[in-house]
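# Tertiary structure, described
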Amino acid sequence: MAYRALCRIDHEGAYANLLLASMLESSHLSDRDRRFVTELVYGTTRMRRACDASIDRFVVQQPDATTRTLLRLGAYQLMYAGVPPHAAVGETVRLAPQRVRGFVNAVLRRIAAVPLPPWPGVAAELSYPDWIVGRLVVELGERDAMESLRRMNEPATVTVRDDGYVQDRSSQWVAELVGALSGERVLDVCAAPGGKATAMAQSGAFVVAADLQAHRARLVASNAERLGANVAVLVADGTRPPFPDSSFDRVLIDAPCSGLGSLRRRADARWHIQPDDITTLARTQRALLDACAPLVRPGGTLVYSVCTLTAEESIDHPVPAGFRPVSDVLAPWMPYGDGARLLPHVADTDGMVIRRWRRTDA
Ligand SMILES: C[S@@+](CC[C@H](N)C(=O)[O-])C[C@H]1O[C@@H](n2cnc3c(N)ncnc32)[C@H](O)[C@@H]1O
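So, here is what we can say about the structure in this document. Predicted model, so just to flag it, every value in this text is computed and none were measured. (Residues numbered from 1 in each chain as written. Predicted model: local features only at pLDDT ≥ 70, side-chain atom pairs only at ≥ 80, totals over all residues. Heavy atoms only, no water.)

### Quick notes on the site of the ligand
Put simply, the test is: Any residue with a heavy atom lying within 4 Å of a molecule or strand is counted as near it. As used in this structure description, the phrase polar contact means that two N or O atoms lie within 3.5 Å; if the pair is within protein, one of them must be able to donate a hydrogen and the other to accept it, and residues adjacent in sequence are counted only when both atoms belong to side chains. Residue burial considers only the protein chains on display, and all accessible areas are found by Shrake-Rupley using a 1.4 Å probe. Classification used: nonpolar for Ala, Val, Leu, Ile, Met, Phe, Trp, Tyr, Cys and Pro, charged for Asp, Glu, Lys and Arg, polar for all others including Gly.
Taken together, the neighbourhood of the ligand is formed by 19 residues, with Asp 211, Arg 216, Asp 237, Gly 238 and Asp 254 sitting nearest. Gly 194 is positioned such that a nitrogen or oxygen atom in its backbone is 3.2 Å from an oxygen atom of the ligand. Calculation on the ligand without its partners gives an accessible area of 610 Å², and the protein chains cover 86% of this total. Within the shell around the ligand, the residues separate by chemical class into 10 nonpolar, four polar and five charged.

### Some words on the side chain of Ser 258
So the rule is basically this: Secondary structure follows DSSP: runs of H or I at least 4 residues long count as helices, runs of E at least 2 residues long count as strands, and numbering of each begins at the N terminus. Any two residues whose heavy atoms approach within 4.5 Å at even a single point are treated as in contact.
Inspection of the secondary structure assignment puts Ser 258 in the loop between strand S4 (248–254) and helix H14 (269–272). Within the local environment of Ser 258, its side chain forms a polar contact with the side chain of Glu 313, the two groups lying 2.6 Å apart. Beyond its immediate stretch of four places on either side in the chain, Ser 258 contacts Ile 273, Ile 278, Leu 281, Thr 308 and Glu 313.

### Description of the packing of aromatic side chains
So the rule is basically this: Centres within 6.5 Å are what make two rings of Phe, Tyr or Trp a pair, Trp counting through its six-membered ring; a difference in plane orientation under 30 degrees is then read as stacked, over 60 as edge-to-face, and the rest as tilted. We call a residue buried when its accessible area falls under 20% of the maximum for its residue type, exposed when it is over 50%, and partly exposed in between, using a 1.4 Å probe and counting protein chains only. Lysine NZ or arginine CZ positioned within 6 Å of the ring centre and within 35 degrees of the ring normal marks a charge as sitting over the ring.
With the rule as written, the count across this model stands at two aromatic pairs. Look at Tyr 76 and Tyr 80: their rings are 5.7 Å apart centre to centre, the planes differ by 35°, and that puts the pair in the tilted class. For Tyr 80, a relative accessible area of 31% translates into the label partly exposed. With 5.1 Å between their ring centres and 85° between their planes, Phe 243 and Phe 248 make a pair best called edge-to-face. The lysine or arginine in question, Arg 270, covers the ring of Tyr 128, its NZ or CZ lying 4.0 Å from the ring centre. Over the ring of Tyr 336 we find Arg 341; its NZ or CZ atom is 4.0 Å from the centre of that ring.

### A few points about the pairing of S4
Just so we agree on the cut-off: Note on pairing: DSSP must find at least two bridges between two strands before they are called paired.
In terms of burial, S4 is a largely internal element, seven of the seven residues being buried. The pairing of S4 with strand S5 (residues 296–306) spans six bridges and is parallel. Within S5, the position partnered with Val 251 by the bridge is Leu 302.

Written out as structure tokens, the structure reads:
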């Protein structure tokens, strides 16, 4: 199953989490085997580049695409998963078509003898595209970048709210920092799947949750229903919000972003996102800020958050006209521009930036 999943992720651009969820659903594996398949698929996907560096020491001619994937799966077991070498090699070779069996066997045996290669560089060792490593070093400095990148190679720690909803602690904190109070009107502009909207509703506030995509807005509605949260859901483009000015006490813009702070959550994300995407996303974020800031009533609060670590998508956006920063920052958040930043390795959460402003004009 892991091999079939990886072929589709490596060569057909399938999304690892969606594909694996549907494959596991229609399988009859035990819980233990499900966990093992999940580790193999996510781990091999994350460590793809590092596995390739190990494999490439021993191949002279490029293997075809599916043989490459098989070698990665074998290499991952030998390098990272602690699978005994005879099992990792034997089980992987068994999956190989006859014509490449000898080749796969020979390469994996050599990897088994010396699993980790002399790394050509830190990006290969940590298994990220060069540009992500370069960008995070610029954004965070060498030490924090390395620690963040290492932590994002580990599976995410699962945290469960009192109401049973699974949500990263960093997102729980963002929802809390919006400060919604009972009886207030709160708009969550980019709400799907509804984690923060349902958390904010626990305060007794009336939460309006919008999302651009209808199928994602439906996720918010079903989560809200399941949790009994008082959330009104609509499909709307936050860059053209269908509300009059000053109609909310608080507005949260949890903007679409490059996700460079939450790479541990999606094993394949690092291979999909491109440097140019950041510029495009920053443009959308700015349009969301421009369009939604006027919806906050005078004296009300505007909150902007992203699960990424680039300045371009966070602190570089100008303070909306008529607003002043609210800049009390509590650990483990660290001051960042007029807001706060959370790095993945500091409190075992996603990486996140939050900015809060109060509307001070009349
Ligand atoms: C970071 S996710 C939101 C996560 C959510 N706040 C939570 O805590 O569960 C960003 C969302 O923004 C939505 N989105 C993207 N562009 C949008 C736009 N122009 N207007 C409204 N929503 C948008 C995406 O569909 C996506 O669901």
